[in-house]
Amino acid sequence: MTILLNISIIILLGLLYLRFWHYYEARKIAHNWQRLVSNAEDEPALFSPEMVTNLPSAARRFFIFAIQPGTPLRKIAQIWMNGHLSLGTLDSPIISP
């Protein structure tokens, strides 16, 4: 009976520790996000092709192709994604939920 009680106490302490750790990590993430957002620029620089003149030609061509002149160059972005991940082959895909 005491072995069962000891195991139950150990499991309970482990679950309490995991709950505390989850709470602590969530607060740390929220704090870091707020610190990051507070450092965001209100008026970010706008892209112009002159900004990439000192880059190698391949990088320069890529940036000029990928970024429209006048696009705000923000340092912070929040991105949401949804979809499925295929783990199989092209002929036999395994779609994860």
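Since the structure is predicted, the reported quantities are computational estimates derived from the model, not experimental observations.

A count of helices and strands for the protein chain gives two helices and two strands. Starting at the N terminus and ending at the C terminus, the protein chain contains elements arranged as α-α-β-β. Its C-alpha radius of gyration of 25 Å places the protein chain more than 25% over the 13 Å reference for a compact globule of 97 residues. Overall size of the protein chain, expressed as C-alpha extent along the three principal axes, is 75 × 50 × 25 Å. Out of the 97 residues in the protein chain, the part that is buried amounts to 4%. With an accessible surface of roughly 9300 Å², the protein chain has 66% of that area assigned to carbon and sulfur atoms.

Time to look at the pattern of salt bridges. Summed over all chains, the structure comprises two salt bridges. Notably, a salt bridge pairs Glu25 with Lys28, separated by 3.3 Å at the nearest N-O pair. Residue Glu25 and its partner Lys28 are both found in helix H1 (residues 2–38); the two are separated by three residues, about one turn of the helix. By relative accessible area, Lys28 is classed as partly exposed at 37%. Here Lys75 ties to Glu41 by a salt bridge, and the two come within 3.6 Å at their closest N and O atoms. In this pair, Lys75 sits in the loop between helix H2 (57–66) and strand E1 (85–86) while Glu41 sits in the loop between H1 and H2, placing the two residues 34 residues apart along the sequence.

Scoring rules and cut-offs
- Residues numbered from 1 in each chain as written.
- Predicted model: local features only at pLDDT ≥ 70, side-chain atom pairs only at ≥ 80, totals over all residues.
- Heavy atoms only, no water.
- Helix = DSSP H or I, 4+ residues; strand = E, 2+ residues; numbered from the N terminus.
- Rg over C-alpha atoms; globule rule 2.2 N^0.38 Å.
- Buried < 20%, exposed > 50% of the residue type's maximum accessible area, 1.4 Å probe, protein only.
- Areas by Shrake-Rupley, 256 points an atom, 1.4 Å probe, with all protein chains shown as cover.
- Salt bridge = Lys/Arg side-chain N within 4 Å of Asp/Glu carboxyl O.

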